[in-house]
Amino acid sequence: MSGPVTIVTGGTFGLGLSITVSLARRGHRVLAFGLRQAQVSSTAVGFSELEQALSEENLSGQVELMEADVSREGDTIAVARRALDRFGRIDGLVNNAAIGPLGTVMDTSPEVFERIQKVNIGGIYLMSRQVIPTMREQGGGSIVNIGSGAGYGKPNMAAYAASKGALLALSSAMAYDHFHERIRVNVAIPGGGGIVSGMSVGRFGGDESVFKRRPAPGTVAGRPATGEDLAGAVAFLLSEDAAAISGTVVDVGCFSHQGGPVPHRP
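Residues numbered from 1 in each chain as written. Predicted model: local features only at pLDDT ≥ 70, side-chain atom pairs only at ≥ 80, totals over all residues. Heavy atoms only, no water.

All right, on to the overall build of the protein then. Scanning the protein from N- to C-terminus turns up nine helices and seven strands. Expressed as a percentage of the 266 residues in the protein, the buried residues total 51%. Looking at the protein as shown, the accessible area adds up to about 12,400 Å², and 53% of this sits on carbon and sulfur atoms. (Helix = DSSP H or I, 4+ residues; strand = E, 2+ residues; numbered from the N terminus. Buried < 20%, exposed > 50% of the residue type's maximum accessible area, 1.4 Å probe, protein only. Areas by Shrake-Rupley, 256 points an atom, 1.4 Å probe, with all protein chains shown as cover.)

Have a look at this one:
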């Protein structure tokens, strides 16, 4: 079996599932990991949906599934070791795992605030530390961090926005730090409103119909962005077609920096 080897954090559900399956279709050998139990403000639970999708497309042999917590250093060490044991190398890392409870600084408890930072930004730090030495020895690699328009500040998302703003700064710093090691670091941001994911649905009690009741600008395609849209951008940033691109942000579904607001159709 050949093809690049890519680790996808939070790769077992929602947008992460789309990324995992899309990369496997494109010939990547993928180690996807997550947690089986639901996390705060998310409907993501279990691996059965991913296992079924992989089985239906005869992709199971290309994907290694693992339960691990991206906020625990020991788990991230185990993930990197499993990838090397199974596939022999690590070419890419997609830092997708995140939690995003709504709230202001006043109604977000210190415990929830700390957990959001540990997963959303601490997870990138820990997982990147495990793959960069291998990428350096191999002569390069690609890291794609999944951001959010909240990283530029959005109402009622104080802790989540803080973590995604930190993601942008950390990604830029990493791109500088590992430039001469040929390790590319970029950000992909899904947006435009109306995107259905475990996190977005979880914020509204698991009720997907809320997205039909709440009009959103969506994308220039005339519809909300999907996991496949995001996965396409991620695949490009991981590929040799993006060999000269580092330190950039690709906005999937909205304008640069999730700017706007995009007006609704008259």
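Still to come is the rest of the account.
Further remarks concern helix 9 (residues 227-238). The periodicity of an α-helix, 3.6 residues per turn, causes residues three or four positions apart to be oriented the same way. Counted at 1.5 Å a residue, the expected span for helix 9 with its 12 residues is 16 Å, and the 16 Å between its end C-alpha atoms agrees. Along its buried surface, helix 9 packs onto strand 1 (5-9), helix 1 (14-25), strand 4 (92-95), strand 5 (141-146), strand 6 (183-190) and strand 7 (249-252). (Expected span 1.5 Å × (residues − 1). Contact = heavy atoms within 4.5 Å.)

In this structure, N186 sits in strand 6. Relative accessible area serves as the criterion here: at 0%, N186 is assigned to the buried category. Of note is the side chain of N186, whose polar atom sits 3.1 Å from the backbone nitrogen of G247. Apart from the residues lying within four places of it in its own chain, the contact partners of N186 are I143, V144, N145, L237, I245, S246, G247 and T248. (Polar contact = N/O pair within 3.5 Å; in protein donor to acceptor, adjacent residues only side chain to side chain.)

Moving on, we get to the packing of helix 3 (residues 73-87) against helix 5 (residues 122-138). Two elements in contact, helix 3 and helix 5, have axes whose closest approach is 8 Å; the angle formed by their N-to-C orientations is 35°. Handedness of the crossing formed by helix 3 with helix 5: right-handed. Residue-level inspection shows E73, T76, I77, V79, A80 and L84 of helix 3 in contact with helix 5, the latter providing L126, M127, Q130 and T134. Here the residues of the contact of helix 3 with helix 5 are counted per class, giving six nonpolar, three polar and one charged. (Axes fitted to C-alpha atoms, helices over the stretch in contact; angles between N-to-C directions. Left-handed = near helix turned anticlockwise from the far one by under 90°. Nonpolar A, V, L, I, M, F, W, Y, C, P; charged D, E, K, R; others polar.)

Looking at the element boundaries, D91 is found in the loop between helix 3 and strand 4. Within the structure, D91 has its side chain in polar contact with the side chain of R89 (distance 2.8 Å). Once you skip the residues sitting within four places of it in the chain, D91 turns out to touch P4, V5, M135, Q138, G141 and S142.

With that settled, the discussion passes to the layout of surface pockets. Volume-wise, the second largest pocket comes out at about 410 Å³. Forming the boundary of the second largest pocket are 23 residues, of which G140, G141, R182, R184 and E240 lie nearest the centre. Residue assignment for the lining of the second largest pocket shows that the elements contributing at least two residues are strand 1, strand 5 and strand 6. Taken together, the residues that form the lining of the second largest pocket break down as seven nonpolar, 11 polar and five charged. (1 Å grid on protein atoms, 1.4 Å probe; cavity = no way out; pocket = protein on both sides within 12 Å on 5 of 7 lines; lining within 4 Å. Points joined across faces, edges and corners; volume = space filled by probe spheres on them.)

Right, let's get into the pairing of strand 1. For strand 1, a buried count of five out of five residues is recorded, marking the element as mostly surrounded by other parts of the structure. The alternating pattern of strand 1 places V5, I7 and T9 on one face and T6 and V8 on the opposite face, and all of these are buried. Bridge count for strand 1 against strand 2 (residues 29-34) is five bridges, and the pairing is parallel. Note on strand 2: the bridge partner recorded for T6 is V30. Remark: the strand 1/helix 1/strand 2 crossover connection has right-handed handedness. (Pairing = 2+ DSSP bridges. Right-handed = clockwise from strand over helix to strand, strands pointing away.)

Pairing is parallel in the open sheet, where seven strands are placed in the order 3-2-1-4-5-6-7. Two strands in the sheet have a free side with no partner beyond their single neighbour: strand 3 (63-67) and strand 7. Sheet twist, expressed as the average angle between the axes of neighbouring strands with direction ignored, equals 15°. Sheet analysis places strand 6 next to strand 7, joined by four bridges and oriented parallel.

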